[in-house]
Amino acid sequence: MGFSNIIVLLGGLGLFLFGMRYMSEGLNQVAGNKLKTMLEKLTRNRFKGFLLGVVVTAVIQSSSATTVMLMGFLNAGIMDLAQATGVIIGANIGTTITAVLIALDVSAIAPICIFVGSAFALFSKKQTQQHIGQIILGFGILFQGLKTMSSDTAMGALKTSESFQNFIMSADNPIIGILIGIAICAVLQSSSASIGVLQVLAIQGLMPMSFAIYLIIGINVGSATPLFLSSIGAKTNAKRAALIYFIFDFVGMVLFTPISLFTPFTRWIEMMSSNGSVQVAAGHIVFKVVTALVLLPFIPVLVKFSEKVLPSKEHESNTRFIYIDKNLNGNVFATLLQVGREVERMAKLARENFVMACDGLLAGSLENEKKIKENEELINWLNHNIADFLVTVTAQTLSGELSDYIGKLFHVITDLERVGDHALNICERTEMIVNEDLKFTDAGLEEIRELYEKDLELFDRSIECFISKHLPEEDEFFIHELEDQIDNLTLKAQDCHVERLRKKECLTSSGVVFTKLLQDLERVGDHSYNIAGAAKKDKELIRQI
């Protein structure tokens, strides 16, 4: 095999890998959001989760990508590890679809797919049609690369290599086969691509099934490499998911190595078809399906084992992300779920501070002052760090809907941070009231209480709408009415305050603090109203206060 043959082989491999990746990205863009919703809703039952893992991975063509998505869902609290394990087992079966497509050998239509896909990707105005073009183009490039690799000027040249022929004819050592398979997958970072290379060799008659089965076993064990790399520095549940993925293939290796050595398993596979590519695909599918059927009943055991090997860590500080994992940003849908949970966390902190500050004001108590200040530091930290993280997310390819949602997230975290600031203001004004022994009239305190209750009602309803990403017309009307009521109550309280000053029912020093408190409460209503506006589906600008 000469240098020119190696160049052609590498070129074909490059086309094959690029086509697979390009097609997978297009499929993810077209179906990713729907698949994410399905994963959220249908994983409560382990068997449904298993079937869903098969379907999702068959669509996006990567069990590793599915598992990375699951890691994101685990961090976001969308599912627990037991539910994710069922999907991981199913994902391992779904990834075999690429081998089936290669075994069908549709490379004859590759040029047509490249032409049609290019036309859609380049000339379609609608984004969905562009992504469909990307899928078709990636499919065509994949098979064009496969055709190039299997040509006489690439792997076909190995037929004349005496050293390679001697190696294949004498190759029967399972350990060598498994190690070669692990190395191939570790380099290519894709079990589907590695199996594809194996199928190309088999098409040329250069890979007997008696040795290919050990390479298949090694490739599957090596497929955990990308996940282990992704989980370095990741959160505990993400590491557990990677471990469970590895356990699946390790158990498969323990099962199939002795089966291949001591039973006529490979001969049965060879009897199914004389086509080497079909034989490799069949061996790969049997490996995955049998291992899945063995492990599916033991999901609770797998979960407990992973939790024992990787126990939860105790964290000294809350000033950190609980849901966002910066090491897992491969799937934008899962990433935004994590961001959404951090924003919910930020909203709970802002609400807690507002309630503690207002209750302390009405009771004339500074009992929660320290807690409010600690929460405020965390709110500010989350504001800055969520914003920085969102900037990195915008560097990925995003649909218009996702891009709009990220823009709204920037607005919402700013509004939540401002609610936290006003809660701190109220706490500090309470401190002044207590230290200087300032007095408010009963009427003034009642006006503050009424504004506080309306603010809290508006805040809660706004957060509920934003989390659900839905603002029905009746809710929009109700929220608008609440915000108007807060504005009217503020104006009324200001007028009553002036009247009390005129009648000398309260002191000027108390009056200054009272007026500033009214401003804080009114601003909290404004920012809550903004948050509700971010739940709108249209691109209408949000009124920022």
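Our subject is the structure listed above.
Residues numbered from 1 in each chain as written. Predicted model: local features only at pLDDT ≥ 70, side-chain atom pairs only at ≥ 80, totals over all residues. Heavy atoms only, no water.

Asks: How would you sum up the side chain of S223? Please name residues and give values.
Replies: By secondary structure assignment, the location of S223 is in the loop between α11 (209–222) and α12 (225–231). Among the residues examined, S223 registers a relative accessible area of 2% and is labelled buried. Within the structure, S223 has its side chain in polar contact with the side chain of D249 (distance 3.2 Å). Sequence-distant contacts of S223, defined by excluding residues within four places in its chain, comprise S64, C185, S191, Y245 and D249. (Helix = DSSP H or I, 4+ residues; strand = E, 2+ residues; numbered from the N terminus. Buried < 20%, exposed > 50% of the residue type's maximum accessible area, 1.4 Å probe, protein only. Polar contact = N/O pair within 3.5 Å; in protein donor to acceptor, adjacent residues only side chain to side chain. Contact = heavy atoms within 4.5 Å.)

Asks: Could you give an account of the packing of aromatic side chains, with specific residues and numbers?
Replies: Overall, the coordinates contain nine aromatic pairs when judged by the stated rule. Their ring planes at 75° and their centres at 5.7 Å tell us that F440 and F514 sit as a pair that is edge-to-face. Residue F440 is located in the loop between α19 (400–435) and α20 (442–468), and its partner F514 is located in helix α22 (residues 508–533); the two are separated by 74 residues in the primary sequence. The burial state of F440 is the same as that of F514; both residues are buried. Clustering of aromatic rings is evident, with ring pairs tying together F256, F265 and F287. Positioned above the aromatic ring of Y323, the side-chain terminus of R341 is 4.6 Å from the ring centre. The ring of F514 is capped by R500, whose NZ or CZ atom sits 5.4 Å from the centre of that ring. (Phe/Tyr/Trp six-rings, centres within 6.5 Å; stacked < 30°, edge-to-face > 60°. Lys NZ or Arg CZ within 6 Å of the ring centre and 35° of its normal.)

Asks: Break down the packing of helix α13 (residues 236–262) against helix α15 (residues 276–295) for me, with residues and values.
Replies: Where α13 contacts α15, the two axes come as close as 9 Å, and the packing angle between them is 105°. Compared by their axis directions, α13 and α15 come out roughly perpendicular. Facing α13, whose interface residues are F248, D249, V251, G252, M253, L255 and F256, α15 presents V286, F287, K288, V290, T291, A292, V294 and L295. Residue composition of the contact of α13 with α15, by class: 11 nonpolar, two polar and two charged. (Axes fitted to C-alpha atoms, helices over the stretch in contact; angles between N-to-C directions. Parallel < 35°, antiparallel > 145°, perpendicular 65-115°, else oblique. Nonpolar A, V, L, I, M, F, W, Y, C, P; charged D, E, K, R; others polar.)

Asks: Tell me about the nonpolar core, and name the residues and values.
Replies: Nonpolar side chains in soluble globular proteins tend to end up buried together. Among the nonpolar cores identified, the biggest contains 68 residues, and L336, V343, F354, I386 and L416 are the most heavily contacted of them. Elements supplying a minimum of two residues to this core: α17 (332–363), α18 (369–393), α19, α20, α21 (473–502) and α22. For this core, the leading source of residues is α17, giving 16 residues. The residues touching I386, leaving out its near neighbours within four places in the chain, are F321, V339, E342, V343, M346 and I413. Core analysis: the next-biggest nonpolar cluster, separate from the first, contains 32 residues, M69, L74, A224 and L227 among them. (Core = buried A, V, L, I, M, F, W, Y, C linked by side-chain atoms within 4.5 Å.)

Asks: Explain the pattern of salt bridges to me, and be specific about the residues and the numbers.
Replies: All chains considered together, the criterion is met by 13 salt bridges. For D437, the salt bridge is made with K439, and the minimal N-O distance between the two is 3.3 Å. When its relative accessible area of 51% is taken as the criterion, D437 is described as exposed. What makes K439 exposed here is its relative accessible area of 56%. Note that R500 and E447 form a salt bridge whose closest N and O atoms lie 3.1 Å from each other. Of this pair, R500 sits in helix α21 while E447 sits in helix α20; the two residues are 53 residues apart in sequence, bridging distant segments of the chain. In this structure, R500 and E447 share a single accessibility class: buried. Three or more residues joined by partner-sharing salt bridges are found here, namely E499, R502 and K503. (Salt bridge = Lys/Arg side-chain N within 4 Å of Asp/Glu carboxyl O.)

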